[in-house]
Amino acid sequence: VNGPEARVGATMVCEDPGTTCWLFGGRGYYRLLGDLWRLDHDKAPPKWLQVSGKGPAPTERRGAVAWWDAAAKRMVVGLGQGYYGLRDDFFAFDPAQGTWSKLQLKGSAPDARLGAAAAYDVGAKAAWIVGGQRHYKLGGDVYRATLKATTLTFTAVALKGDQLPELTGGCLVGEGEKLMVVG
């Protein structure tokens, strides 16, 4: 299958199981990437297509977070490490319109970091972001994010009981009413 070049630190989300997936960025050979690819794996054979959206797109980066916002039918990409340091911005890609938009951040947004984990909770219509590496410090913090139009509203979440260990490069998976963190 012809597709994107080899890379590490990319983000990938799927709209629904068994349909379209979206791959953004990462680090290729000697350079950061800011490209967007669509994988249609519900077709035989699976097919990759590079997509160039209109509007303000995220800059090249690795270690970003991403999720498919099922309520808004958009892919959200943010954070990560660019050429000139850690990023704290977020963008949404609307496949139906073929456009990127830079999101306005409201509430307690996470500071710049790479290697955080993210997952979308369909029932709550919200995403969760956990951990990541800031400048010389790992995080074990948790954020909840909701998307409406071009505003991404964050809430810092205080956990009860056991706290999360500091982590980077972890994986966050939603399972029913629970989130599972591995990393």
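Residues numbered from 1 in each chain as written. Predicted model: local features only at pLDDT ≥ 70, side-chain atom pairs only at ≥ 80, totals over all residues. Heavy atoms only, no water.

1. Some points on the overall build of the protein chain
A tally of regular secondary structure across the protein chain gives zero helices and 17 strands. Taking all 183 residues of the protein chain together, 42% fall into the buried category. Once local pairs closer than 6 in sequence are excluded, the contacts in the protein chain between residues at least 24 apart make up 46%. When the accessible surface of the protein chain is split by element, carbon and sulfur atoms take 51% of a total near 10,000 Å². (Helix = DSSP H or I, 4+ residues; strand = E, 2+ residues; numbered from the N terminus. Buried < 20%, exposed > 50% of the residue type's maximum accessible area, 1.4 Å probe, protein only. Contact = heavy atoms within 4.5 Å. Areas by Shrake-Rupley, 256 points an atom, 1.4 Å probe, with all protein chains shown as cover.)

2. So, the environment of Asp141
With respect to the helices, strands and loops of the structure, Asp141 is situated in strand E14 (residues 137–148). Sequence spacing of Asp141 and Ala158 is 17 residues, and the spatial spacing of their C-alpha atoms is 8.1 Å. Here Asp141 is in contact with Arg113, Ile129, Val130, Gly131 and Arg134, once residues within four sequence places are set aside. At a separation of 2.9 Å, a polar atom in the side chain of Asp141 contacts the side chain of Arg113. Of note is the side chain of Asp141, whose polar atom sits 3.2 Å from the side chain of Tyr143. (Polar contact = N/O pair within 3.5 Å; in protein donor to acceptor, adjacent residues only side chain to side chain.)

3. Section: the side chain of Asp40
Note that Asp40 resides in strand E3 (residues 31–40). Asp40 gets classed as buried once you look at its relative accessible area, which sits at 7%. Side chain to side chain, Asp40 and Arg38 meet in a polar contact 3.2 Å long.

4. A closer look at the sheet that holds strand E1 (residues 11–14)
Strand order in this open sheet of four strands is E1-E2-E3-E4, and the pairing throughout is antiparallel. One side of each edge strand has no neighbouring strand; the edge strands of this open sheet are E1 and strand E4 (47–51). On average, adjacent strands in this sheet sit at an angle of 25° to one another, irrespective of strand direction. Two strands pair when backbone bridges link them, and E1 and strand E2 (residues 20–28) are joined in this way by four bridges, in the antiparallel orientation. In the sheet register, Met12 faces E2, and the bridge partner there is Leu23. (Pairing = 2+ DSSP bridges. Axes fitted to C-alpha atoms, helices over the stretch in contact; angles between N-to-C directions.)

5. Regarding the nonpolar core
Most often, soluble globular proteins have nonpolar side chains that are buried together. Formed by 17 residues in total, the largest nonpolar core has its most connected members in Val65, Trp67, Phe90, Ile129 and Leu152. Among the elements of the structure, strand E5 (65–69), strand E9 (90–94), strand E12 (117–121), strand E13 (126–134), E14 and strand E15 (151–157) are those that each provide at least two residues to this core. Per-element accounting of this core gives the leading share, three residues, to E14. Counting residues in each nonpolar core, the second largest holds 13 residues, with Trp22, Leu36, Met75 and Val77 among its members. (Core = buried A, V, L, I, M, F, W, Y, C linked by side-chain atoms within 4.5 Å.)

Coordinates in, geometry out; function isn't part of it.
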